[in-house]
Amino acid sequence: MQPGGLAPHLTNLKYIVKLSFFNGWMPRNPFALYKYPPPQAERFHLEEDEIQRMMTTKLRHKCQDRTRDMFIFSCFTGICYADLKTLAWKQLEQDTHGDWWVTGNRCKTDTRYVVKLLPAALSILERYRDGTDYVFSFMPHLNTVDRSLKRIAALCGIEKKLTFHVGRHTYA
């Protein structure tokens, strides 16, 4: 097992042993003072030159272009996959200064977000105006997107292990 996958199993085992001890089925609790801190996964983000390479590299397939566009949009907005999947055109608003904003509630936490759209994100949006209700109406499954991102990263000469969530870390 991977160290991160071991933590929930140890938590369950500690709980069962604790119940056994309190019910008198075990003379002592061997896990009483045991703590297993799950390892912290290393967080990746893209550097400016890597984003630039990703934006300018010619890709082989149209589906890779779409995946890259969704990922780059996430890098410039911080919007996660689940929220991007439900992102509707009606969530885009222009203020009195002419700046564009995207607003919504996070699917995971129901927390409100308001993000100013930078020129790179706006240029991506312009390519996907197709009359549908959702901005990215063609969203493949997250596993498919992550596999495609790994191939795109290799084509762009990026050695980091890319997942869609890296876009949020890049934005942060």
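For the structure itself, look to the data block above.
Just so you know, these numbers come straight off a predicted model, no measurement behind them.

Student: Which residues make up the overall build of the protein chain, and what values do they have?
Tutor: Along the protein chain, the regular secondary structure elements total 7 helices and 3 strands. For the protein chain, the N- to C-terminal ordering of α and β elements is α-α-α-α-β-β-β-α-α-α. A compact globule built from 172 residues would reach a C-alpha radius of gyration of about 16 Å, whereas the protein chain, at 22 Å, exceeds it by more than 25%. Judged by the C-alpha coordinates and their principal axes, the protein chain covers about 70 × 40 × 25 Å. Evaluated residue by residue, the protein chain yields a buried proportion of 37% over its 172 residues. Computing the positive centroid from 25 side-chain charges and the negative centroid from 17, the protein chain places the two 10 Å apart.

Student: Kindly report on the side chain of Asp83, identifying the contributing residues and their values.
Tutor: Turning to its location among the elements, Asp83 is positioned in helix H4 (residues 81-85). Taking the relative accessible area as the measure of exposure, Asp83 reaches 2% and is therefore buried. When sequence neighbours within four positions are dropped, the list of residues in contact with Asp83 reads Asn105, Arg106, Cys107 and Tyr113.

Student: Now, about the nonpolar core: what can you tell me, with residues and values included?
Tutor: With 37 residues, the main nonpolar core has Met54, Phe71, Phe73, Leu84 and Phe136 as its most contacted residues. Those elements that place two or more of their residues in this core are helix H2 (48-56), helix H3 (62-77), H4, strand E3 (112-116), helix H5 (119-127) and helix H6 (142-156). The element that contributes the greatest number of residues to this core is H3, accounting for 6 residues. Residues within four places of Phe71 in sequence aside, it is in contact with Leu46, Met54, Leu149, Leu162, Thr163, Phe164, Val166 and Gly167.

Student: Give me the lowdown on the pairing of E3, citing residues and values where you can.
Tutor: Judged by which residues are buried, E3 turns out to be one-sided: Tyr113 and Val115 face inward and are buried, whereas Arg112, Val114 and Lys116, on the alternate face, are not. Here 5 bridges tie strand E2 (residues 100-105) to E3, and the two strands are oriented antiparallel to one another. Along E3, the bridge assignment pairs Gly104 with Tyr113. In this antiparallel pair of consecutive strands, E2 and E3, the connection spans 6 residues, and Asp110 shows a positive phi of 60°.

Student: Account for the sheet that holds strand E1 (residues 92-94), with residues named and values stated.
Tutor: Across the sheet, which stays open at both edges, the 3 strands sit in the order E1-E2-E3 with antiparallel pairing between neighbours. Two strands in the sheet have a free side with no partner beyond their single neighbour: E1 and E3. Shown here is a sheet whose adjacent strand axes are inclined to one another by a mean of 25°, direction ignored.

Student: Go over unusual backbone geometry with me, naming the residues and quoting the values.
Tutor: With phi around 60°, Asp110 is a residue other than glycine that occupies positive phi space. Relative to the assigned elements, Asp110 resides in the loop between E2 and E3.

Student: Account for the pattern of salt bridges, naming residues and giving values.
Tutor: Enumeration according to the criterion identifies 7 salt bridges in this entry. Among the salt bridges present, the one from Arg106 reaches Asp83, with a minimum N-O distance of 3.1 Å. One end of the pair, Arg106, is in the loop between E2 and E3; the other, Asp83, is in helix H4, and 23 residues separate them in sequence. As far as burial versus exposure is concerned, Arg106 and Asp83 are alike and both buried.

Student: Could you give an account of the packing of H2 against H3, with specific residues and numbers?
Tutor: Closest axis-to-axis distance for the H2/H3 pair is 10 Å, and the angle between their directions is 150°. Classified by the interaxial angle, the pair formed by H2 and H3 is roughly antiparallel. The interaxial crossing formed by H2 with H3 has left-handed handedness. Mapping the contact onto sequence places Ile51, Met54 and Met55 in H2 and Arg68, Phe71, Ile72 and Phe76 in H3. Considered class by class, the residues forming the contact of H2 with H3 number 6 nonpolar, no polar and 1 charged.

Student: Give a detailed account of helix H1 (residues 3-22), specifying residues and quantitative values.
Tutor: Taking 1.5 Å per residue as the helical rise, H1 with its 20 residues ought to reach 28 Å, and the 29 Å between its terminal C-alpha atoms agrees with that figure. Turning to H1, its buried residues number three or more, namely Ala7, Leu10, Val17 and Ser20. In the segment just after H1, Gly24 is the residue with positive phi, at about 85°.

So, how was this worked out
Residues numbered from 1 in each chain as written. Predicted model: local features only at pLDDT ≥ 70, side-chain atom pairs only at ≥ 80, totals over all residues. Heavy atoms only, no water. Helix = DSSP H or I, 4+ residues; strand = E, 2+ residues; numbered from the N terminus. Rg over C-alpha atoms; globule rule 2.2 N^0.38 Å. Buried < 20%, exposed > 50% of the residue type's maximum accessible area, 1.4 Å probe, protein only. Lys, Arg positive; Asp, Glu negative; His and termini not counted. Charge placed at Lys NZ, Arg CZ, Asp CG, Glu CD. Contact = heavy atoms within 4.5 Å. Core = buried A, V, L, I, M, F, W, Y, C linked by side-chain atoms within 4.5 Å. Pairing = 2+ DSSP bridges. Axes fitted to C-alpha atoms, helices over the stretch in contact; angles between N-to-C directions. Salt bridge = Lys/Arg side-chain N within 4 Å of Asp/Glu carboxyl O. Parallel < 35°, antiparallel > 145°, perpendicular 65-115°, else oblique. Left-handed = near helix turned anticlockwise from the far one by under 90°. Nonpolar A, V, L, I, M, F, W, Y, C, P; charged D, E, K, R; others polar. Expected span 1.5 Å × (residues − 1).

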